[in-house]
Amino acid sequence: MPLLLKGATIITFDPISIDQVDLRVESGLISERASQLTPGVKDEVIDLRDRMIVPGMVCAHTHLYSTLARGMPAPPRQPSNFKEILELVWWRLDRALDDETIYWSAMAGALDAARAGTTCLFDHHASPSYITGSLQIIRDAIEKIGLRAVLCYEVTDRGGTHEREKGLDENLAILSWVKSSLSADLKSQIQIADSASKRQSALFRGMVGAHASFTLSDESLDYCAELMQVFDAGLHIHVAEDRWDVLDAESRYRLGVVERLAKHNAINNRTILAHGIHLSDEDIAIARSAGVWFAHNPRSNMNNQVGYAPVSKFGDRVVLGTDGIGADMFEEARIAFFKSRDNHAGVDANAWLSVLGNNQRLASEAFGVDLGNLRVGSAADLTVLDYSAPTPITRENLSWHLAFGIDSASVESVMVNGSFVLRNRNAAIDEQSVYEQARVASEKLWARLRKT
Ligand SMILES: [Zn+2]
């Protein structure tokens with residue numbers, strides 16, 4: 001049934017626009033946008049007076065597997081540096097994951113994302129004791145919640161060649177699945193014109209995942225590059241999150257981290273480089289000329305005490321990620337803003353609105369459909385906000401409302417591909433049961449962790 005969203009203020013981030021118009025949603029897309037649209041006989045009319053509609057938020061770098069880490073048992077000793085944070089916390093956690101905990105971490109993580117107004121996740125997954133089929137489990141969970149996602153498995157040599165091979169195969173599996181379902185859709189589209197909302201493959205894409213330069217051999221990088229080439233895919237990788245990554249590339253290969261990726265043809269304009277805190281100017285120049293996306297994760301960087309990324313040098317392809325600390329992009333953008341102020345980074349409030357717009361641009365490129373402009377033909381991925389502003393909202397001051405007012409507590413309804421995943425603050429699935437089962441799974445996970 002077509003939906004007619006009436007009376008809301010429609011807002012976009014980049015370019016900034018604020019319009020009082022109605023939207024008609026049909027077959028997963030915005031089919032009409034005009035003031036005072038007349039309801040058709042088939043329309044379900046939704047009154048959204050005093051509400052704002054923004055394009056669905058996108059998280060450009062996350063790890064759903066870390067959802068069940070919240071409040072987990074303390075590591076055997078306090079990590080004293082970033083490498084020890086990986087060894088004592090994250091690499092113990094990801095190795096303890098099994099099919100059940102992968103599923104419930106993805107379910108609870110995706111539900112948290114929906115409740116925060118986030119409609120699309122770029123997930124970077126690792127579960128070395130359960131690699132084969134892990135992305136299918138995550139896909140099943142995200143599909144139940146109803147979000148879009150771009151999935152990959154973190155290829156690494158840290159667990160030896162056998163695990164490395166399985167990681168590569170898992171990327172191959174998701175990329176092949178997307179490719180074959182897209183071509184199947186193309187065939188069915190010719191037969192059935194109106195199949196957009198039924199197409200599951202419309203909501204998933206793949207990338208080639210890789211952990212970080214310091215855990216990847218030359219051979220592994222070559223394999224990743226081969227997958228990128230065959231599937232025209234981007235690499236999703238951590239770079240220079242800590243100085244360790246940079247020192248390793250210099251001492252073992254006499255190269256910068258990005259220079260090393262470029263030498264192996266493992267970089268292109270679909271690539272996401274997460275963090276980039278300690279990149280040299282030379283590496284940044286190589287990355288920029290390849291047209292990569294730089295994913296800035298300010299909360300994670302502060303939490304790991306790894307430093308402040310040189311965001312002002314990254315150019316105009318900066319996106320925001322949470323690095324697994326939920327998927328609340330209103331909060332991530334707000335903290336990005338405050339941290340840039342604190343750091344005298346010369347990045348103004350409007351720039352963070354543009355970055356949120358970039359997140360939607362990144363997703364639009366991945367899915368081949370507009371996800372950031374809420375115009376006719378855009379996918380109907382949108383978030384309805386109940387935000388009572390005590391001051392006028394204008395194009396000139398929108399970024400200040402974002403910095404000081406609008407947050408995920410304002411999220412009232414969320415739509416992905418024309419279907420509500422959250423409506424009037426209620427999820428399309430039984431929320432309490434998801435969190436209850438996630439808690440049961442997390443206790444099992446933590447019991448395994450205590451034994452390691
Ligand atoms: Zn990460």
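Values in this document were obtained by computation on a predicted structure and should not be read as measured data. (Residues numbered from 1 in each chain as written. Predicted model: local features only at pLDDT ≥ 70, side-chain atom pairs only at ≥ 80, totals over all residues. Heavy atoms only, no water.)

## Quick notes on the coordination of the zinc ion
So the rule is basically this: Any N, O or S atom lying within 2.8 Å of the metal counts as a donor, with the limit raised to 3.2 Å for Na, K and Ca; because water is left out of the atom set, some sites can appear incomplete. In this scheme the shape depends on donor count and angles: four donors with every angle between 85 and 135 degrees give tetrahedral, four or six donors with opposite pairs above 155 degrees and others between 65 and 115 give square planar or octahedral in turn, and any other case is irregular. Buried, partly exposed and exposed residues are distinguished by accessible area as a fraction of the type maximum, computed with a 1.4 Å probe on protein chains only: under 20%, between the cut-offs, and over 50%, respectively.
Within the first shell, the zinc ion binds the protein through His-61 (NE2), His-63 (NE2), His-238 (NE2) and Asp-323 (OD), at distances of 1.9 to 2.1 Å. Coordination at the zinc ion is irregular: its 4 donor atoms span angles of 92 to 157 degrees at the metal. The class of His-238 is buried, set by a relative accessible area of 6%.

## Some details on the pattern of salt bridges
For the record, the criterion: A side-chain nitrogen of Lys or Arg and a carboxyl oxygen of Asp or Glu constitute a salt bridge if their distance falls within 4 Å. Numbering of helices and strands runs from the N terminus, with a helix taken as a DSSP run of H or I at least four residues long and a strand as a DSSP run of E at least two residues long.
Following the criterion strictly, the structure yields 30 salt bridges and no others. In this structure, Glu-431 and Arg-115 form a salt bridge, with 2.9 Å as the shortest nitrogen-oxygen distance. Note that Glu-431 is positioned in helix α13 (residues 431–450) and Arg-115 in helix α2 (residues 99–115), a separation of 316 residues in sequence. With relative accessibility at 38%, the residue Arg-115 sits in the partly exposed group. Salt-bridge contacts for Arg-260 lead to Asp-218; the nearest nitrogen and oxygen are separated by 2.9 Å.

## A word on the sheet that holds strand β8 (residues 57–62)
The test is simple: The pairing criterion is simple: DSSP has to find at least two bridges between the two strands. To obtain an axis, a line is fitted to C-alpha atoms, over the contacting stretch when the element is a helix, and the angle between two such axes runs from 0 to 180 degrees between their N-to-C directions. Here a residue-residue contact requires only that any non-hydrogen atoms of the pair lie within 4.5 Å.
Read from one edge to the other, the open sheet built from 4 strands follows the order β8-β9-β10-β11, with strand pairing classed as parallel. In this open sheet, the two strands that pair with only one neighbour each are β8 and β11 (204–206). Along the sheet, successive strands turn relative to each other by an average axial angle of 15 degrees, direction set aside. Of the strands in this sheet, β8, β9 (118–123), β10 (148–151) and β11 are in contact with helix α11 (residues 349–367), which crosses β8 at around 80 degrees.

## A short note on unusual backbone geometry
A cis amide bond, omega 5 degrees, links Asp-14 with the succeeding residue Pro-15. Within the element layout of this structure, Pro-15 appears in the loop between β2 (9–13) and β3 (16–20). At Ala-240, a residue that is not glycine, the phi angle is positive and equals roughly 45 degrees. Turning to its location among the elements, Ala-240 is positioned in the loop between β13 (235–239) and α6 (243–253). The buried category is assigned to Ala-240, whose relative accessible area is 0%. The phi dihedral of Leu-374 is positive, around 50 degrees, even though this residue is not glycine. Residue position: Leu-374 is located in the loop between α11 and β17 (382–385).

## Notes on the pairing of β13
For a regular strand, side-chain orientation follows a simple rule: the groups alternate between the two sheet faces. In plain terms, the rule: When the strands point away from the viewer, a crossover counts as right-handed if the path from the first strand over the helix to the second runs clockwise.
By the criterion of burial, β13 is predominantly enclosed, with 5 of the 5 residues buried. In this sheet, β13 lies alongside strand β12 (residues 208–212) in parallel orientation, the contact comprising 4 bridges. Directly across from Ala-212, in β13, lies its bridge partner His-238. Handedness of the β12-helix α5 (residues 218–231)-β13 crossover: right-handed. Here β13 pairs with strand β14 (residues 272–275) via 4 bridges, running parallel. Its bridge partner lying in β14, Ile-237 is registered against Leu-273.

Honestly, that's just the spatial picture; any functional story needs more than this.
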